[in-house]
Amino acid sequence: MDNLNLKMRDAKELAGTPKWFRAIEVGSILTFWSLVGAVIWKVKPHFHDSPWLVLSGFLTGFIMADWVSGLVHWLADTWGSVEMPVIGKSLLRPFREHHVDQKAMTHHDYIETNGSNCMISVPWALGAFLIPINAGPYHWFSLFNVVWITSMIFWVMMTNQFHKWAHMDDGRAPKIVTALQKMHLILPPAHHHLHHTAPFDKYYCITTGWLNWPLTKLGFFKGLERLVTATTGIIPRKDDIGIDAAIAIAPGINDGPVVQAKGEEV
């Protein structure tokens, strides 16, 4: 990988959140916390009569959050461009910036760190709130679904915060955070460093990182990339590391000309 012809974007050009998107982030944070609070209030009476069901739902959501973080991270790292309308400058921009300047996110405030994750979690929080859990023979099933979905979106929301802490210099993160990192209950810095080895094509899960090893061994994301490239001709990571490096590492691409999504040959 040392000989890759990486052509990455200018970090200064990628820095900063559009004002219109920051307003959306603020609204998303307020909506998210309101919905999560409402769901917790809804589930609270069942803490005592179904404690093991609630606990199993909570742990299921915790593990699922790591998988979701990996899937979203892979999608945003691998596909699309910052030139895309709307999502380019808002959602994809931070991922491109992060591979160029890993420390930039450590200077982001609470809104910029967590706003986008709250935004994608709001529909799920609303869905969990709307699931009825007090009637019918499938009460236990409904309760489990409400709890695991709510747990998952809570930890998904916390993912960028864990990610930010994993990039902080020694001694800057709170002591409790450092302790949790050492126990690998949240994303540890050394573990996440494996993702930041060029060309940034592995270890995408960033909530706890527990699923990185098995997903890598299974070739999960590489398999998805082969499928997408085989069916669309789109080259993974070309916007992030440049077309030459992207072609060099893209799974399933032969030595012949590669046809991109727009139809031009490379």
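The following refers to the structure shown. (Residues numbered from 1 in each chain as written. Predicted model: local features only at pLDDT ≥ 70, side-chain atom pairs only at ≥ 80, totals over all residues. Heavy atoms only, no water.)

### Overview of the overall build of the chain
Heads up, the rule is: In this text, helices come from DSSP runs of H or I with a minimum length of four residues, and strands from runs of E with a minimum of two, each type numbered from the N-terminal end. Relative accessibility thresholds used throughout: buried, under 20% of the residue-type maximum; exposed, over 50%; partly exposed, between the two (1.4 Å probe, protein chains only). The contact criterion used throughout is that any non-hydrogen atoms of two residues lie within 4.5 Å. Under the convention used here, a 1.4 Å probe and the Shrake-Rupley method define accessible areas, while residue burial counts only the protein chains that appear.
Secondary structure summary: the chain contains 13 helices and 0 strands in total. Secondary structure elements in the chain, listed N-terminal to C-terminal, are α-α-α-α-α-α-α-α-α-α-α-α-α. Per-residue burial for the chain yields a buried fraction of 46% across its 266 residues. Counting contacts in the chain only where the partners sit at least 6 residues apart, residues at least 24 apart contribute 70% of the total. Total accessible area computed for the chain in this model is approximately 13900 Å², and 67% of it derives from carbon and sulfur atoms.

### Regarding the layout of surface pockets
What counts, and what does not: Using protein atoms alone on a 1 Å grid, points that fit a 1.4 Å probe yet trap it form a cavity, whereas open point sets bounded by protein on both sides within 12 Å along at least five of seven lines form a pocket; residues with an atom within 4 Å of a point count as lining. Grid points are joined across faces, edges and corners, and a volume is the space filled by probe spheres set on the points. Charged residues are taken to be Asp, Glu, Lys and Arg, nonpolar residues to be Ala, Val, Leu, Ile, Met, Phe, Trp, Tyr, Cys and Pro, and polar residues to be all remaining types, Gly included.
Taken as a whole, the largest pocket encloses approximately 730 Å³ of empty space. Lining the largest pocket are 36 residues; nearest its centre among them are Leu91, Phe95, Ser116, Asn117 and Asn160. Contributing elements (two or more residues each) for the lining of the largest pocket: helix 2 (19-43), helix 4 (51-78), helix 5 (87-100), helix 6 (110-130) and helix 7 (139-166). At 10 residues, the largest contribution of residues to the lining of the largest pocket is made by helix 5. Grouping the constituent residues of the lining of the largest pocket by class yields 16 nonpolar, 14 polar and 6 charged.

### Comments concerning the pattern of salt bridges
Which entries qualify depends on this criterion: By definition, a salt bridge exists where a carboxyl oxygen of Asp or Glu is found within 4 Å of a side-chain nitrogen of Lys or Arg.
Inspection of the entire model under this criterion finds 7 salt bridges. The partner of Arg93 in a salt bridge is Glu112, with the nearest N and O atoms 3.7 Å apart. Pair noted here: Arg93 is in helix 5 and Glu112 is in helix 6, with a separation of 19 residues, a long-range link. For Arg93, a relative accessible area of 6% puts it in the buried group. In this structure, the salt-bridge partner of Lys222 is Asp201, at a minimum N-O distance of 2.9 Å. With Lys222 in helix 11 (residues 220-232) and Asp201 in the loop between helix 9 (189-193) and helix 10 (212-218), this residue pair connects regions lying 21 residues apart in the sequence. What you see here is one network of salt bridges that share partners, running through Arg93, Glu97 and Glu112.

All we've got here are geometric facts, nothing functional implied.
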